[in-house]
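# Structural characterization, general
Below are the chains, spelled out letter by letter.
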Amino acid sequence: NFLGVSTMSRGAYGNIFDGLPQQDGLGFGLGPSVQIVRSQKRILESQKRGIEETLRKNLKVLVDSYNLDLQLREDALQRIQATQSQWQTLTDRMNLGAKIDVFDLIEASRNRIEAVSSYYSIETRLHLGSDRLKRLTYTDAYQVVEGSLPK
């Protein structure tokens, strides 16, 4: 080490620190090398802060949309009940012999299908949001087990 650092000490397969300068021997490049390393460190710290802020923003957006979907889910359930009631009323009147306009029956059927479809769409978004939340917080199936990550 007195005469310099061997090039064999570099990381294998393109380590992120391979781009940082190293003294290859005796010389006066140590000062600038240290300044370059310090500036690289500041860049990495700045990138780390940016990533943390991005994750915080993503988490906030995810929680807000999840809470909104919970409210929409209740509205969708009420809509299903209302359309089911309308459908049931029309079919009961039809079974009792009353004249029912075919278009009213088609409209009631279409409304019922749309309400159920909307409910399942919201349920899907809730499941996807729950999965994203688990990934962001490393819980459930995404939990990091001690010793499972390389050092």
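Further up the page is the structure itself.
Residues numbered from 1 in each chain as written. Predicted model: local features only at pLDDT ≥ 70, side-chain atom pairs only at ≥ 80, totals over all residues. Heavy atoms only, no water.

## A few points about the overall build of the protein
- Looking only at helices and strands, the protein has two helices and zero strands in total.
- Taking all 151 residues of the protein together, 13% fall into the buried category.
- Taking all contacts inside the protein whose residues are at least 6 apart in sequence as the whole, residues at least 24 apart take part in 48%.
- In the structure as shown, the protein presents an accessible area of about 12300 Å², 58% of it carried by carbon and sulfur atoms. (Helix = DSSP H or I, 4+ residues; strand = E, 2+ residues; numbered from the N terminus. Buried < 20%, exposed > 50% of the residue type's maximum accessible area, 1.4 Å probe, protein only. Contact = heavy atoms within 4.5 Å. Areas by Shrake-Rupley, 256 points an atom, 1.4 Å probe, with all protein chains shown as cover.)

## So, a nonpolar patch on the surface
- Together, Ile51, Leu55, Leu59, Val63, Leu133 and Leu136 make up an exposed nonpolar region whose accessible area comes to about 450 Å².
- Breaking the nonpolar patch down by element, the ones donating at least two residues are helix H1 (30–95) and helix H2 (102–137).
- Top contributing element to the nonpolar patch by residue count: H1, with four residues.
- Looking at the element boundaries, Ile51 is found in helix H1.
- Residue Ile51 is classed as exposed on the basis of its relative accessible area of 53%. (Patch = residues over 30% accessible without salt bridge, like charges linked within 9 Å, V, L, I, M, F, W, Y side chains within 5 Å. Salt bridge = Lys/Arg side-chain N within 4 Å of Asp/Glu carboxyl O.)

## Structural notes on unusual backbone geometry
- In this structure, Tyr138 is a non-glycine residue whose phi angle is positive, near 55 degrees.
- Among the secondary structure elements, Tyr138 is positioned in the segment after H2.
- The phi dihedral of Asp140 is positive, around 60 degrees, even though this residue is not glycine.
- Relative to the assigned elements, Asp140 resides in the segment after H2.

## So, the side chain of Asn111
- Examined against the element boundaries, Asn111 turns out to sit in helix H2.
- Residue classification places Asn111 among the buried residues on the basis of a relative accessible area of 17%.
- Aside from chain neighbours lying at most four places away, what touches Asn111 is Arg79, Thr83 and Gln86.

## Describing the packing of aromatic side chains
- Under the criterion given, the structure shown has one aromatic pair.
- Taking the centre distance of 5.4 Å and the plane angle of 70 degrees together, the rings of Tyr119 and Tyr120 count as edge-to-face.
- Under the relative-accessibility criterion, Tyr119 is labelled buried at 15%. (Phe/Tyr/Trp six-rings, centres within 6.5 Å; stacked < 30°, edge-to-face > 60°.)

## Examining the pattern of salt bridges
- Taken as a whole and judged by the stated rule, the model has nine salt bridges.
- We note a salt bridge from Arg56 to Glu53, for which the minimum N-O separation is 2.7 Å. Separated by three residues within a single helix, Arg56 and Glu53 lie in helix H1, roughly one turn from each other.
- Across the salt bridge formed by Glu107 and Arg110, the nearest N and O atoms sit 2.5 Å from each other. In this pair, Glu107 and Arg110 both sit in helix H2, three residues apart, roughly one turn of the helix.
- According to the relative accessible area criterion, Glu107 is partly exposed, its value standing at 34%.
- Of the residues examined, Arg110 reaches a relative accessible area of 38% and is grouped as partly exposed.
- The network of salt bridges with common partners includes Arg79, Glu107, Arg110 and Glu114.

Distances and angles like these do not, on their own, reveal function.
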